[in-house]
Amino acid sequence: SFATSPVDTYDEWSRAADKWQFIRTCFEIRTLLDQPKHPSKLIVEQDQSTSCLQHMGLLMDNAELLKKVNVGPDYSDIYQTIGNALKLKRQVSRQHRRKIVKAALVPYGYGSGVTNIANAYDELDLPYLNNLSPEERFSLAKDVLGKIEEILPAAKGYKVTMGRRATELIKQGMTKFIWDSPSGFEVHHCKQKPVPDSKAFRPIFYLGNGETARLQAIEPSNIPDTDSLRRGLPANFIHSI
């Protein structure tokens, strides 16, 4: 009925989590019921699980890491494995332990550290986390990060290896990194320090009626931010793949 009268039934189907995908699927099902040989045009999104860790395992040629993140014949839920190993202050269900780890492991693959993981816990609506103080959530983030690197030492090894390589290249005078991705795109990894605040560009916009607005644009300098270059390389290289 949704596909037949989408406007009249909007109040009902719009409650779906992804309402436009939902109603589009309804249209497709209606057509398929009438025309069983209809070639569907629906987009199917297929995502890898822990793809950052999978690429780390491949780059490090580490069979142990690959097995733990589903590159092998046996299913392995690394979120649950780490979640079960956590020592928490109170009883927490398996499902919520898994969510606590996933909220840390995903940003970990993007290069995040304790602070960003703690921020993720501030936003994650779980009873266990809601009953913790900000300091306790930060401490939990440290514990989870430690457990991740204890159970997945090759992931930590990848970051350390890439960081050392970046340091070597910077010492050789390299101020940015350029490489070709597997799909043929040229990737530029560069970072400059901002100009001093006193030299920031602050144009004034006249809005009318005597009102003005001042915007600030901090322009980059020609001085490379070597620390950001080094810290950002492991995650950017993974995601370029």
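Residues numbered from 1 in each chain as written. Predicted model: local features only at pLDDT ≥ 70, side-chain atom pairs only at ≥ 80, totals over all residues. Heavy atoms only, no water.

J.: Help me out: how do you make sense of the side chain of lysine 147 in this one?
T.: Structurally, the position occupied by lysine 147 is in helix α9 (residues 134–151). Among the residues examined, lysine 147 registers a relative accessible area of 16% and is labelled buried. In contact with lysine 147, not counting residues within four places along its chain, are Ile82, Ala85 and Leu86. (Helix = DSSP H or I, 4+ residues; strand = E, 2+ residues; numbered from the N terminus. Buried < 20%, exposed > 50% of the residue type's maximum accessible area, 1.4 Å probe, protein only. Contact = heavy atoms within 4.5 Å.)

J.: Sorry if this is basic, but what is going on with the pattern of salt bridges here?
T.: Pairing is possible between side chains of opposite charge, provided their charged atoms come close. Applying the stated criterion across every chain yields a total of nine salt bridges. Here arginine 137 and aspartate 122 are joined by a salt bridge, their closest N and O atoms 2.6 Å apart. Taken as a pair, arginine 137 in helix α9 and aspartate 122 in helix α7 (residues 114–123) lie far apart in primary sequence, 15 residues in all. A salt bridge links lysine 147 to glutamate 150, with the nearest nitrogen and oxygen atoms 3.3 Å apart. (Salt bridge = Lys/Arg side-chain N within 4 Å of Asp/Glu carboxyl O.)

J.: Which parts of the structure should I look at to understand the pairing of strand β5 (residues 211–214)?
T.: Successive side chains on a regular strand alternate, one facing one side of the sheet and the next facing the other. Inspection of the sheet shows strand β4 (residues 204–208) paired to β5 by four bridges, in the antiparallel sense. Bridge pairing in β5 links isoleucine 204 to arginine 214. Connecting β4 to the next strand, β5, in antiparallel fashion are two residues, including asparagine 209 with a positive phi near 55 degrees. (Pairing = 2+ DSSP bridges.)

J.: Can you walk me through helix α10 (residues 153–171) in this structure?
T.: An α-helix turns once every 3.6 residues. As a result, residues three or four positions apart point the same way. Compared with an ideal rise of 1.5 Å per residue, which puts 19 residues at 27 Å, α10 spans 27 Å between its outermost C-alpha atoms and is within 8% of the ideal. Turning to α10, its buried residues number three or more, namely Ala154, Ala155, Tyr158, Lys159, Met162, Gly163, Ala166, Leu169 and Ile170. Buried residues along α10 sit in contact with α3 (51–60), α4 (63–68), α6 (94–109), β1 (177–180) and α11 (226–240). Trailing α10 by a residue or two, glycine 173 shows a phi angle of about 105 degrees, which is positive. (Expected span 1.5 Å × (residues − 1).)

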